[in-house]
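Each chain is listed here by its residues.
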Amino acid sequence: DAKTTQPPSMDCAEGRAANLPCNHSTISGNEYVYWYRQIHSQGPQYIIHGLKNNETNEMASLIITEDRKSSTLILPHATLRDTAVYYCIVREGGYSTLTFGKGTMLLVSP
Amino acid sequence: EPEVTQTPSHQVTQMGQEVILRCVPISNHLYFYWYRQILGQKVEFLVSFYNNEISEKSEIFDDQFSVERPDGSNFTLKIRSTKLEDSAMYFCASSESSSNQPQHFGDGTRLSIL
């Protein structure tokens, strides 16, 4: 089973920042936090991942709390094309499996 | 940007027939995976493959399933004697290494069993 908890849905206005929360209170020291998204039955798309430091790339920023029990994915300027299901996944380093939960359905509206 | 490609995009097969789903992973990647997603359900891990052998598999990946890397570029999933419940999207993924590197997914093959 997925080791994360995410809200089932969120709304965001186009051009605003989308902040997607994730709880992973049982995360252990060697587990990474990964974020993927899935746009309407396309393949999951990798967004970003991190261990304990905050991370930023061209798609998003990942903020991980100091105790590592939760994180937030930030899309700084959401567009209509960011409408998707966003998955927060905790993955142990060295293991293959990505265990997907139900994710958060983000709806970006004009 | 390099990507994982899967063929066909949609496969329709009669129940009991064998089907082969094909994937071309990203060229410098060494780890390969199959996942499936039944309509309306979660994405589920099936199997991972490295150095020409299975490294992990889930309970779903039973004797009906097999994987192969027949040449230097293709990675295939074979399903023998297909059942109605095998109808799903099948996603291939690849990664540079097994640890701390993201898996990159193809856009999937929609398998419909009649």
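Please refer to the structure placed before this passage.
Please read these numbers as outputs of a predicted model, since none were measured by experiment.

(A) Highlighting the overall build of chain B. Scanning chain B for helices and strands turns up 0 helices and 11 strands. Along chain B, from the amino end to the carboxyl end, the secondary structure elements read β-β-β-β-β-β-β-β-β-β-β. Relative to the globule expectation of 13 Å for 114 residues, the C-alpha radius of gyration of chain B, 13 Å, shows essentially globular dimensions. By principal-axis analysis of the C-alpha atoms, chain B measures approximately 40 × 30 × 30 Å. Within chain B, the fraction of its 114 residues that count as buried is 45%. Counting contacts in chain B only where the partners sit at least 6 residues apart, residues at least 24 apart contribute 54% of the total. Accessible surface, chain B: about 5800 Å² in total, of which carbon and sulfur atoms supply 44%. Averaged over its 9 positive side-chain charges, chain B has a centre that lies 5 Å from the centre of its 15 negative ones.

(B) Examining a negative patch on the surface more closely. Side chains of Glu58 of chain A together with Glu1, Glu3 and Asp107 of chain B sit close together on the surface and give a patch of like negative charge. Using a relative accessible area of 76% as the deciding quantity, one classes Glu58 of chain A as exposed.

(C) The arrangement of the interface of chain A and chain B in detail. Taken together, the contacts link 21 residues of chain A with 22 residues of chain B. For the pairing of chain A and chain B, the buried interface totals around 1800 Å² over both sides, and the portion due to carbon and sulfur atoms is 50%. Put simply, the parts of the chain that give the side of chain A that touches chain B at least two residues each are β3 (31–38), β4 (45–50) and β8 (84–92) of chain A. A total of 4 residues in the side of chain A that touches chain B trace back to one element, the largest contributor, which is β3 of chain A. Of the residues in the side of chain A that touches chain B, the class split is 9 nonpolar, 10 polar and 2 charged.

(D) Just the sheet that holds strand β8 (residues 75–79) of chain B, in detail. Residue and element names in this part refer to chain B. Reading across from one edge, β1-β3-β8-β7 is the order of the 4 strands in this open sheet, with antiparallel pairing throughout. What marks the edges here is a single partner per strand, and that holds for β1 (5–7) and β7 (65–68). The average undirected angle you get between the axes of adjacent strands in this sheet is 20°. With 5 bridges joining them, strand β3 (residues 19–24) and β8 adopt antiparallel strand pairing. Along β8, the bridge assignment pairs Ile20 with Lys78.

(E) Representation of the pattern of salt bridges within the structure. Residues and elements named next belong to chain A. For the structure shown, the criterion picks out 3 salt bridges over all chains. Across the salt bridge formed by Glu31 and Lys3, the nearest N and O atoms sit 2.9 Å from each other. Within this pair, whereas Glu31 is found in strand β3, its partner Lys3 is found in the segment before β1 (9–13), the two being separated by 28 residues in sequence. A residue is classified by how much of its surface remains accessible, and Glu31, at 5% relative accessible area, is buried. Since its relative accessible area comes to 36%, Lys3 is described here as partly exposed.

(F) Structural view of the state of the cysteines. All names here are of chain A. Applying the stated rule across the entire model yields 2 disulfides over all chains. Each sulfur in the disulfide pair Cys22 and Cys88 lies 2.1 Å from the other. Disulfide Cys22 to Cys88: torsion about the S-S bond roughly -80°, handedness left-handed. Here Cys88 lies in strand β8 and Cys22 lies in strand β2 (residues 18–23), a separation of 66 residues in the sequence.

(G) Up close: the sheet that holds strand β6 (residues 61–64) of chain A. Across the sheet, which stays open at both edges, the 4 strands sit in the order β2-β7-β6-β5 (chain A) with antiparallel pairing between neighbours. Strands with a single pairing partner mark the edges of an open sheet, and in this sheet they are β2 and β5 (55–56) of chain A.

(H) Inspection of the pairing of β6 of chain A at higher detail. Residue and element names in this part refer to chain A. By the bridge criterion, 2 bridges tie β5 to β6 in an arrangement that is antiparallel. Within β6, the position partnered with Thr56 by the bridge is Ser61. Hairpin remark: β5 followed by β6, antiparallel, with 4 residues in the connecting loop. Judged from the 4 bridges that link them, β6 and strand β7 (residues 70–75) form a sheet pairing that is antiparallel.

Thresholds applied
Residues numbered from 1 in each chain as written. Chains lettered and ligands numbered in written order. Predicted model: local features only at pLDDT ≥ 70, side-chain atom pairs only at ≥ 80, totals over all residues. Heavy atoms only, no water. Helix = DSSP H or I, 4+ residues; strand = E, 2+ residues; numbered from the N terminus. Rg over C-alpha atoms; globule rule 2.2 N^0.38 Å. Buried < 20%, exposed > 50% of the residue type's maximum accessible area, 1.4 Å probe, protein only. Contact = heavy atoms within 4.5 Å. Areas by Shrake-Rupley, 256 points an atom, 1.4 Å probe, with all protein chains shown as cover. Lys, Arg positive; Asp, Glu negative; His and termini not counted. Charge placed at Lys NZ, Arg CZ, Asp CG, Glu CD. Patch = residues over 30% accessible without salt bridge, like charges linked within 9 Å, V, L, I, M, F, W, Y side chains within 5 Å. Salt bridge = Lys/Arg side-chain N within 4 Å of Asp/Glu carboxyl O. Buried area = accessible area lost by both parts, 1.4 Å probe. Nonpolar A, V, L, I, M, F, W, Y, C, P; charged D, E, K, R; others polar. Pairing = 2+ DSSP bridges. Axes fitted to C-alpha atoms, helices over the stretch in contact; angles between N-to-C directions. Disulfide = S-S within 2.5 Å.

Remember that the coordinates give geometry; whether it matters functionally is a separate question.
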